[in-house]
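Chain by chain, the residues run as shown.
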Amino acid sequence: MRIIRLETEPGSPLVLRPLLEVDDIHLSFGGVRALDGPGLTVAPGEIVGLIGPNGAGKTSLFNCISGLYAPDSGSIRFAGEELVGMPRHRIARLGIGRTFQNLGLIPRLPVLHNVLAGTYRTTRGGFWATALALPQVARDEERATSDALKLLHSLDLLDVALEPVGTLPFGTQKRVELARALIGEPRLLLVDEPANGLVHSEVMELADTIRRLAGERNMAVLVVEHHMGLVRSICDRVVVLDFGKLLAEGRPREVANDPRVVEAYLGTAA
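What this report covers is the structure whose coordinates are included nearby. (Residues numbered from 1 in each chain as written. Predicted model: local features only at pLDDT ≥ 70, side-chain atom pairs only at ≥ 80, totals over all residues. Heavy atoms only, no water.)

1. Observations regarding empty space enclosed by the protein
This structure, assessed with the given rule, holds one cavity of 30 Å³ or more. The volume enclosed by the largest cavity comes to roughly 70 Å³. Lining the largest cavity, in full, are Thr-99, Phe-100, Lys-174, Glu-177, Leu-178, Val-191, Asp-192, Pro-194 and Leu-206. Taken together, the elements giving at least two residues each to the lining of the largest cavity come down to helix 6 (170-182) and strand 10 (188-192). Of the residues assigned to the lining of the largest cavity, the class counts are five nonpolar, one polar and three charged. (1 Å grid on protein atoms, 1.4 Å probe; cavity = no way out; pocket = protein on both sides within 12 Å on 5 of 7 lines; lining within 4 Å. Points joined across faces, edges and corners; volume = space filled by probe spheres on them. Helix = DSSP H or I, 4+ residues; strand = E, 2+ residues; numbered from the N terminus. Nonpolar A, V, L, I, M, F, W, Y, C, P; charged D, E, K, R; others polar.)

See below:
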């Protein structure tokens, strides 16, 4: 197991046990190798950026962590539990939330109902409990609604709680999707291209929000992003993939100045 050391003061490292440990993941689609052995770790409260050129394998790695893809080999451990081979609903119940590059919201439903859709893993009522309107279902729904309203308030979305989400600006919809991922109180949040489609002011606002929420909840965050301004502003460490392989890892400034990373993004002529 890898130990992460974060410098809090000169000469005083803070030792953190990783919450997520990804080791030597391999994934192929036919003759195309999407992942060729990368590994990474994320500690509680840490924000790690996952970057690389298009086709580097970033989203494929996300999909392996969340159970959408089954890797050919390798290990993915979360809080000591092996995720490879585990059903997606069990992975979610362990405390892993996710947003998607392409929004998966239901446009005609209000913001509040879209957020409540993310409570499926924390409610106890099954089909028959819901059909029979058992008391536990009513209690769960009341608690979930209260939690959702508090979360909407913290994300400045309370004023649009009853508005159909499809009528709202794209930047607001991004925050709604973030709220839906957070309602289940994940210990690890996977954020896929949060800056995609946003103007600069919205990107910086979202960056501040992610950083604040990670600190308030001691939540680990793994973020795939091309917007280097966002990456530099929120990430404690950055992991770089290229052609499915681990290319570089380190603090944002170190990685940005790595000649291998510059070449991967801009080509040898640069």
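2. Comments concerning the pattern of salt bridges
For the coordinates displayed, the defined rule picks out 11 salt bridges. Notably, a salt bridge pairs Glu-21 with Arg-77, separated by 3.7 Å at the nearest N-O pair. Note that Glu-21 is positioned in strand 3 (residues 20-29) and Arg-77 in strand 7 (residues 73-78), a separation of 56 residues in sequence. Looking at Glu-21, the relative accessible area reads 9%, which means it is buried. A salt bridge links Asp-258 to Arg-260, with the shortest nitrogen-to-oxygen separation between them at 2.9 Å. Judged by its relative accessible area of 15%, Asp-258 is buried. Residue Arg-260 is classed as partly exposed on the basis of its relative accessible area of 44%. Several salt bridges converge on common partners, so that one network encompasses Arg-33, Asp-36 and Lys-245. (Salt bridge = Lys/Arg side-chain N within 4 Å of Asp/Glu carboxyl O. Buried < 20%, exposed > 50% of the residue type's maximum accessible area, 1.4 Å probe, protein only.)

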